[in-house]
Amino acid sequence: MTKKLYIRTFGCQMNEYDSDRMADVLAASEGARKTERIEEADIVLFNTCSVREKAQEKVFSDLGRVRALKRDKPDLLIGVGGCVASQEGEAIVERAPYVDLVFGPQTLHRLPELIARRRETGRPQVDIRFPEIEKFDRLPPARSEGASAFVSIMEGCSKYCSFCVVPYTRGHEISRPVDDVLVEIAGLAAQGVREVTLLGQNVNAYRGALRTGSGAPGASGAPGVPSGPAGPADDAGASADLALLLELVCEIPGIERVRYTTSHPKEFGQRLIDAHARLPKLAAHVHLPVQSGSDRILAAMKRGYTVLEYKSIVRRLRAARGDLSLSSDFIVGFPGETADDFEKTMKLVDEVGFDASFSFVYSPRPGTPAADLPDDTPEQEKLERLQRLQAANDAQARSISESMVGSVQRVLVEGRARRDDSDLAARTSNNRVVNFRGASDCIGRFVEVRITEARTHSLRGELVAAA
Ligand code: SAM
Ligand code: F3S
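Residues numbered from 1 in each chain as written. Chains lettered and ligands numbered in written order. Predicted model: local features only at pLDDT ≥ 70, side-chain atom pairs only at ≥ 80, totals over all residues. Heavy atoms only, no water.

Regarding the overall build of the chain
Regarding its fold elements, the chain presents 15 helices and 22 strands. Expected size for 467 residues packed as a compact globule is a radius of gyration near 23 Å; at 23 Å, the chain falls within 12% of this value. Once the C-alpha set of the chain is aligned to its principal axes, its extents read approximately 60 × 60 × 55 Å. Contacts spanning at least 24 positions in sequence make up 71% of the contacts within the chain whose residues lie at least 6 apart. Here the chain displays about 20,200 Å² of accessible surface, and carbon together with sulfur accounts for 50% of that area. (Helix = DSSP H or I, 4+ residues; strand = E, 2+ residues; numbered from the N terminus. Rg over C-alpha atoms; globule rule 2.2 N^0.38 Å. Contact = heavy atoms within 4.5 Å. Areas by Shrake-Rupley, 256 points an atom, 1.4 Å probe, with all protein chains shown as cover.)

Have a look at this one:
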């Protein structure tokens, strides 16, 4: 009988990507099929996040609930992966002995071995090491059901921002070799994928080896993989930066739109900016977290750039691509943030004109340097700052949406709309969902849509032509 797999994912797109890979691994090794119903599952996995809040406690309360399922179904396998697993390790099994598997973001490909050892020994298995890039060599080929897919190009982060737990839970920055990335994308394109988002914590720190083993660049023989570098590579031709990788990805037949996230202002060089002018397949949207508009706070956060440097990147990006929309992440209430520092953030928002962005109240993370800083801003004050920032940001996003009304947009149709299945749902280059009436044969293709109305979280449009 086919095994059923239930995965609950917390956190970022990296975790969404990792959850899909867990499903691929278990489909290959156990023949497991995904289910949305936890009660019918044979394997339950929690892919956790520890970037904010008391994520640990949330995981234990969720685990408490599946424990009851295990009483009726003793063979049920319960696994905890992701950043909480990475931080807590053995402590999870000590506190919740009914957990069978604990694995980190870099060891999810070892799930089949962990399950086998669990069955053999009858004991819970914990593996939260960082075995470098082994993960990608051991994963089955990525599968995709839609027209749009994520592709991880790097793992980890070496920036050590003073507030952030990611370098400790995901390890340091490691880039996948260029050929591996291109082969994966060519495979996805062959399955009908038309848009890819290159994923990593700081994708502009990408330095991927141009040669794997003794083979020449592009010697993998995969269909549609360009045969060599199309521009300068650093380190005497041994590695490619993000600008070069993007150029190569844009050459893969079938791939018509390319995104990347997240990028970091510290390493946003001119070559990447120029790529936006040169590569029409690059989406007109960049997510570039700034965190704060105060140089004093940016220094305390150890972000490695000033407000002026950030604004210079924005100016050059907009010179390269006039219609570019820019979104960001902000943290309010960082330890020591004064009312004056916060006003500087509001001023930056006003000057830059961001698209829909994310803002968070600072959450102290155990083990990070900022957790030891004195913090005397009252919680209420932090919440008020958050609300002001979010209101300003929502207003800016709304005005961008309104300015699109009447324009014709080339959109990728992702499927039927969630709310009303006589509508289709598509995505614009600047990352907005557009709903419109249309036939199923548009799904998976680019079409042209005239925007007729701006709604709070989406746009409404009408089909003009198949693009
Ligand atoms: N790599 C990205 C970058 O360049 O900043 C961000 C990765 S982080 C997982 C996503 C966002 O979570 C950050 O941009 C930051 O705004 C937020 N974040 C991280 N640690 C946080 C903390 N301790 N408290 C509040 N927000 C936090
Ligand atoms: Fe975190 Fe800063 Fe890296 S926010 S993921 S340490 S760039």
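Considering the layout of surface pockets
Estimated volume of the second largest pocket: approximately 290 Å³. Lining the second largest pocket we find 18 residues, and of these Ala284, Arg321, Asp323, Ser429 and Asn430 sit closest to its centre. Among the elements of the structure, α15 (379–404) and β18 (408–416) are those that each provide at least two residues to the lining of the second largest pocket. Class assignment of the residues belonging to the lining of the second largest pocket gives a composition of six nonpolar, six polar and six charged. (1 Å grid on protein atoms, 1.4 Å probe; cavity = no way out; pocket = protein on both sides within 12 Å on 5 of 7 lines; lining within 4 Å. Points joined across faces, edges and corners; volume = space filled by probe spheres on them. Nonpolar A, V, L, I, M, F, W, Y, C, P; charged D, E, K, R; others polar.)

As for unusual backbone geometry
A cis geometry characterises the amide bond from Thr261 onward to Thr262, with omega recorded as 0 degrees. In this fold, Thr262 is placed in the loop between β13 (257–261) and α11 (270–278). Its identity is not glycine, yet Gln291 carries a phi of approximately 75 degrees, on the positive side. Within the element layout of this structure, Gln291 appears in the loop between β14 (285–287) and α12 (295–300). Given the relative accessible area of 6%, Gln291 is considered buried. (Buried < 20%, exposed > 50% of the residue type's maximum accessible area, 1.4 Å probe, protein only.)

Let's talk about the site of ligand 1
Lining the immediate environment of ligand 1, one finds 19 residues, of which Arg52, Gln201, Gln291, Asp329 and Ser363 sit closest. Gln291 places a side-chain nitrogen or oxygen 2.7 Å from an oxygen atom of ligand 1. Coverage of ligand 1 by the protein chains reaches 93% of its 560 Å² of free accessible surface. For the shell around ligand 1, the elements supplying multiple residues, two or more each, are β16 (329–332) and β17 (358–361). Taken together, the residues of the shell around ligand 1 sort by class into eight nonpolar, seven polar and four charged. (Near = heavy atom within 4 Å. Polar contact = N/O pair within 3.5 Å; in protein donor to acceptor, adjacent residues only side chain to side chain.)

Looking at empty space enclosed by the protein
Taken as a whole and assessed by the stated rule, the structure comprises two cavities of 30 Å³ or more. Within this model, the second largest cavity holds a volume of roughly 30 Å³. Considering the residues around the second largest cavity, the lining is formed by Val258, Arg259, Tyr260, His276, Leu282, Ala283 and His285. Ranked by the residues each element gives to the lining of the second largest cavity, the list is headed by β13, at three residues. Among the residues forming the lining of the second largest cavity, the class breakdown is four nonpolar, two polar and one charged.

What about the environment of Leu463?
By secondary structure assignment, the location of Leu463 is in strand β22 (residues 459–466). For the pair Leu463 and Asp42, spaced 421 residues apart in sequence, the C-alpha to C-alpha distance is 44 Å. Every residue in contact with Leu463, bar those within four places of it in the chain, is listed here: Phe436, Arg437, Cys442, Val447, Glu448 and Val449.

Overview of helix α1 (residues 13–30)
With 18 residues, α1 extends 25 Å from end C-alpha to end C-alpha; this agrees with the ideal 26 Å at 1.5 Å per step. Trailing α1 by a residue or two, Gly31 shows a phi angle of about 65 degrees, which is positive. (Expected span 1.5 Å × (residues − 1).)

Some words on the nonpolar core
Leu198, Leu242, Leu245 and Tyr260 are the most contacted members of the largest nonpolar core, which has 61 residues in total. The element that contributes the greatest number of residues to this core is helix α10 (residues 242–250), accounting for eight residues. When sequence neighbours within four positions are dropped, the list of residues in contact with Leu198 reads Val151, Ile153, Ile185, Val203, Leu242, Leu245, Leu246, Val249, Val258, Arg259, Tyr260 and Thr261. Core analysis: the second largest hydrophobic core is formed by 22 residues, Ala41, Cys49, Val80 and Tyr98 among them. (Core = buried A, V, L, I, M, F, W, Y, C linked by side-chain atoms within 4.5 Å.)

Quick look at the confidence of the model for the chain
The predicted model of the chain has a mean per-residue pLDDT of 91, with 94% of residues at 70 or higher. Confidence over residues 214–232 falls short of pLDDT 50; this stretch has 37 contacts with residues more than four positions distant or in other chains. (pLDDT = per-residue confidence, 0-100.)

Focus on the sheet that holds strand β10 (residues 195–199)
Spatial ordering of the open sheet is given by β7-β10-β13, a layout of three strands whose pairing is parallel. If you trace the sheet from one side to the other, it starts and ends with β7 (148–152) and β13, each paired once. Each strand of the sheet is rotated relative to its neighbour by a mean of 25 degrees, with strand direction disregarded. Together, β7, β10 and β13 form the strand contacts of α1, whose direction differs from that of β7 by roughly 95 degrees. (Pairing = 2+ DSSP bridges. Axes fitted to C-alpha atoms, helices over the stretch in contact; angles between N-to-C directions.)

Focus on the environment of Ser429
With respect to the helices and strands, Ser429 occurs in the loop between β19 (423–427) and β20 (433–437). With 413 residues separating them along the chain, Ser429 and Glu16 place their C-alpha atoms 21 Å apart. Excluding anything up to four places from it in sequence, Ser429 contacts Arg257, Arg259, Ala283, Ala284, His285, Arg321 and Arg410.

A closer look at helix α2 (residues 55–72)
The end-to-end C-alpha distance of α2, which contains 18 residues, comes to 27 Å, matching closely the 26 Å that a straight helix rising 1.5 Å per residue would cover. Among the residues of α2, those classed as buried are Ala55, Gln56, Val59, Phe60, Asp62, Leu63, Val66 and Lys70. Buried-residue contacts for α2 involve β1 (4–9), β3 (43–48), β4 (77–81), α3 (82–88), α4 (90–95) and α5 (111–121).

Some thoughts on the sheet that holds strand β5 (residues 101–103)
In spatial order, the strands read β2-β1-β3-β4-β5-β6; together these six strands make up an open sheet with parallel pairing. Of all the strands in the sheet, the pair left with one neighbour each is β2 (33–34) and β6 (125–127). In this sheet, β3 lies alongside β1 in parallel orientation, the contact comprising five bridges. From the neighbouring strand, Arg8 faces β3, where its bridge partner is Phe46. With respect to the sheet, α1 is in contact with β1, β2, β3 and β5, its orientation differing from that of β3 by roughly 155 degrees.

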